[in-house]
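As a plain string of letters, each chain reads:
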Protein chains: 2
Amino acid sequence: MAHSMSDAELKDIYTFALDVGRRAGKILIDGVDKRTGESSKREEGEGKVEEKMNAVDIVTQTDLDVEAFVKDEIVKRFPEHKFIGEETYSAGASRDYLIGSEPTWCLDPLDGTVNYTHLFPMFCVSIAFCLNGIPIVGVIYQPVLDTTYSALVGYGAWQDDSHPHKTRKSLPLVNTPKQVLPANAPKGCIFSCEWGKDRRDTEGGNMWRKVNSFVNMAAEIGGRGGKGGMVHGVRSLGRDVAAGICILREAGGLITTANPPPNPETDPIEEVRLGSRLYLAIRPAGDSEKETGRQAQERVVRETWKRVLKLDYTRPGA
Amino acid sequence: MAHSMSDAELKDIYTFALDVGRRAGKILIDGVDKRTGESSKREEGEGKVEEKMNAVDIVTQTDLDVEAFVKDEIVKRFPEHKFIGEETYSAGASRDYLIGSEPTWCLDPLDGTVNYTHLFPMFCVSIAFCLNGIPIVGVIYQPVLDTTYSALVGYGAWQDDSHPHKTRKSLPLVNTPKQVLPANAPKGCIFSCEWGKDRRDTEGGNMWRKVNSFVNMAAEIGGRGGKGGMVHGVRSLGRDVAAGICILREAGGLITTANPPPNPETDPIEEVRLGSRLYLAIRPAGDSEKETGRQAQERVVRETWKRVLKLDYTRPGA
């Protein structure tokens, strides 16, 4: 059964998500303060509880606190909506089965846990609202930078929308004119990738395949048996982003699977499934004389598929 | 000949560097605005000049503008000091020969050029002041985050020192108690690495050696012929940081060469040379019952050296 909502309802949900995301971010910063010099000011009194907790305890507790806060706000405001958080994932099922057609909130209270543990500032609160299985509202709040990325389908994608002091900017930031993708892409592109948690030292295993894919993308043109992509730079940040799908699409990005199909040149470029573990995202692209932005994005998808190896995440522990 | 300066002179230089770094950062942000929606507001009038420049032109021009601004401020205030910037490097000599014992400023006006070009927010102005060949003042200003990291030898290392609104924090952020390094490091550590520009597809070449080093650090314990390091995460940000040496040391970090000596277990851990291209930095570490923080850092240096391959940057174009 397909659900529908009025524009006013959706705008209300979007505004709510922006507000609750920012307030949740403050809880993450409080968790940082408990581990930094801030707590030394409270040696005698209220600081005592924290001193008994180690860094990992604080991270775990902060994660739970943020989830409880956001869930509570949603239940108060939208009691009829479904809610999926970290605790729901932990119950075991894949996300595929969790997100149906009914109005559903999907929360990652602390996206970038390893970064947060190491106080590497790339972590955020990630909130998505899905209808008919599609994320139509996305809010990502990065509290160290006090920066929000957000989107509501049909309303655009924004940096710092509704921020009390900052001026909002339309995403993508470079949009006048919208930049075209390089003719010889992936050369000239930034290639962003994640090493992941499967570190088994097995030839042909996931880590081996990933590394070979990364090297293909990085190597000089003509290298690696013709697979060399000579990307401009390789970056790894350690976040994955759920609400990001909504924001990226609304900004004009394309998102599909990173697992190449049997024929990368001609097989259809399918819409990404929520709950997939392998995403390939291409930034918004302008039209050029030779092709539309969408055609350019599809070209880069195929050029990437030709260089990356299929991964196998069916085995447990992967 | 060894030079000396009074505490008052050094404090004055440090305060000046903080101020000029922040003002230089504003020029970087102006360069971003020229490429974003901000310029669309000026379609008829002042925006015309920018419309004729493409993104790469703007980046190059911004780089030059920042260098000219900082150099000019230094010449006005400290006319007797030596100045080394990007234009000086371009002249060809290695940094080794450029930095002598006399008071010398070392500027990277746009540290993270590739990031800046792609509007990936990890870029900064990096200013160091050296005396007797040692960086004793370091200021790194990241304008998108409006965040400063700085140090003056003997005065400490700080986040947001002298910021008009923010409260300064002592570096490292987690310092009460100072965190110890994991007993089984590099397991449990974040491994930060750069792919670099040498992408030649040659077995035994720099790219090949780097990738093998990265995989050694990432692989499960027991894998890779015993070299598996099972680091907690692998990160690549695309910056290198000159002033960072001063800040990291003042915060209690250790910095040495990433090129392993013949015997990683016993060879001396030498101080890093300015102008070296390969750095290995270990974060500040607390004492534990078994070892001092310095002993722990040296342990992690040796564990890393055992897992990484020596690189060869003597050939041109590397």
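Residues numbered from 1 in each chain as written. Chains lettered and ligands numbered in written order. Predicted model: local features only at pLDDT ≥ 70, side-chain atom pairs only at ≥ 80, totals over all residues. Heavy atoms only, no water.

- Going by an unreviewed UniProt entry, chain A carries the name Inositol-1-monophosphatase and comes from Cudoniella acicularis.
- Taken from UniProt, the Catalytic activity (unreviewed entry) comment for chain A reads in full: "a myo-inositol phosphate + H2O = myo-inositol + phosphate".
- Here chain A is described in UniProt, under the heading Pathway (unreviewed entry), as follows: "Polyol metabolism; myo-inositol biosynthesis; myo-inositol from D-glucose 6-phosphate: step 2/2." (UniProt positions renumbered as here; feature names shortened; annotations may be inferred.)

## Some remarks on the packing of helix H7 (residues 206-218) of chain A against helix H7 (residues 206-218) of chain B
Okay, so step 1: Direction vectors running N to C along H7 of chain A and H7 of chain B enclose 150°, while the axes themselves pass 11 Å from each other. One way to sum up the angle between H7 of chain A and H7 of chain B is to call them roughly antiparallel. Where H7 of chain A crosses over H7 of chain B, the handedness of that crossing is right-handed. Contact with H7 of chain A, carried on its side by Met207, Val211, Val215 and Ala218 of chain A, involves Met207, Val211, Val215 and Ala218 of chain B of H7 of chain B and no other residues of that element.
Okay, so step 2: Split into classes, the residues belonging to the contact of H7 of chain A with H7 of chain B amount to eight nonpolar, no polar and no charged. (Axes fitted to C-alpha atoms, helices over the stretch in contact; angles between N-to-C directions. Helix = DSSP H or I, 4+ residues; strand = E, 2+ residues; numbered from the N terminus. Parallel < 35°, antiparallel > 145°, perpendicular 65-115°, else oblique. Left-handed = near helix turned anticlockwise from the far one by under 90°. Contact = heavy atoms within 4.5 Å. Nonpolar A, V, L, I, M, F, W, Y, C, P; charged D, E, K, R; others polar.)

## A word on the confidence of the model for chain A
Okay, so step 1: Put simply, chain A has an average pLDDT of 86, and 86% of its residues get 70 or more.
Okay, so step 2: Taken as a whole, residues 39-51 of chain A scores under 50 in pLDDT and shows 11 contacts with residues more than four places along the chain or in a different chain. (pLDDT = per-residue confidence, 0-100.)

## Here we look at the UniProt feature "binding site: Mg(2+)" (unreviewed entry) in chain A
Residue and element names in this part refer to chain A.
Okay, so step 1: If you check UniProt for "binding site: Mg(2+)" (unreviewed entry), the listed places come out as Glu86, Asp108, Leu110, Asp111 and Asp240 in our numbering.
Okay, so step 2: Relative to the elements of secondary structure, Asp108 occurs in strand E2 (residues 104-111).
Okay, so step 3: Of the residues examined, Asp108 reaches a relative accessible area of 12% and is grouped as buried.
Okay, so step 4: Setting aside its immediate chain neighbours within four residues, Asp108 contacts Glu86, Cys124, Val125 and Ser126.
Okay, so step 5: Mapped onto the elements of the fold, Leu110 is located in strand E2.
Okay, so step 6: Discounting chain neighbours no more than four positions away, the residues touching Leu110 are Leu28, Val59, Asp63, Tyr116, Phe123 and Cys124. (Buried < 20%, exposed > 50% of the residue type's maximum accessible area, 1.4 Å probe, protein only.)

## Quick notes on the relation of the copies chain A and chain B
Okay, so step 1: In screw terms, the move from chain A to chain B is a rotation of 180° and a rise of 0.0 Å along the axis, fitting with an RMSD of 0.0 Å. What we have between these two chains is a two-fold relation. No C-alpha of chain A approaches the rotation axis more nearly than that of Ser236 of chain A, which lies at 2.3 Å.
Okay, so step 2: In this assembly, 100% of the residues forming the interface of chain A have copies in chain B that are likewise at the interface, indicating an isologous arrangement. (Least-squares fit on C-alpha atoms with pLDDT ≥ 70 in both.)

## A short note on the sheet that holds strand E6 (residues 156-159) of chain B
All names here are of chain B.
Okay, so step 1: Taken together, seven strands build an open sheet; the order of strands is E1-E2-E3-E4-E5-E6-E7 and the sheet is mixed. Edge positions in the open sheet fall to strand E1 (82-84) and strand E7 (169-170), since each of these has one partner strand only.
Okay, so step 2: Across six bridges, strand E2 (residues 104-111) lies against strand E3 (residues 124-131) in antiparallel orientation. What sits directly across from Thr104, in E3, is Cys130.
Okay, so step 3: Docked against the sheet, helix H1 (residues 7-35) engages E2, E3, strand E4 (134-142), strand E5 (147-152) and E6, running at close to 155° with respect to E3. (Pairing = 2+ DSSP bridges.)

## Structural notes on the interface of chain A and chain B
Okay, so step 1: On the side of chain B, 45 residues touch chain A, which itself brings 45 residues to the contact.
Okay, so step 2: The junction of chain A with chain B conceals about 4,200 Å² of combined surface from both sides, 61% of it contributed by carbon and sulfur atoms.
Okay, so step 3: Across the contact surface, chain A and chain B share zero salt bridges.
Okay, so step 4: Linking chain A with chain B are 19 residue pairs in polar contact (both at pLDDT 80 or more).
Okay, so step 5: Among the elements of the structure, helix H1 (7-35), helix H6 (113-117), H7 and strand E9 (233-235) of chain A are those that each provide at least two residues to the side of chain A that touches chain B.
Okay, so step 6: Here the side of chain A that touches chain B takes five residues from H7 of chain A, the largest share from any one element.
Okay, so step 7: Taken together, the residues of the side of chain A that touches chain B break down into 20 nonpolar, 15 polar and 10 charged. (Buried area = accessible area lost by both parts, 1.4 Å probe. Salt bridge = Lys/Arg side-chain N within 4 Å of Asp/Glu carboxyl O. Polar contact = N/O pair within 3.5 Å; in protein donor to acceptor, adjacent residues only side chain to side chain.)

## Thoughts on H7 of chain A
Okay, so step 1: Taking 1.5 Å of rise per residue, the 13 residues of H7 of chain A would be expected to cover 18 Å, and the 18 Å separating its terminal C-alpha atoms lies within 8% of that figure.
Okay, so step 2: Extensive coverage of H7 of chain A is indicated by the burial of 11 of its 13 residues.
Okay, so step 3: Those residues of H7 of chain A not exposed but buried are Asn206, Met207, Lys210, Val211, Asn212, Ser213, Phe214, Val215, Asn216, Met217 and Ala218 of chain A.
Okay, so step 4: Lining the buried residues of H7 of chain A we find strand E8 (190-192), E9 and helix H9 (293-305) of chain A together with H7 of chain B. (Expected span 1.5 Å × (residues − 1).)

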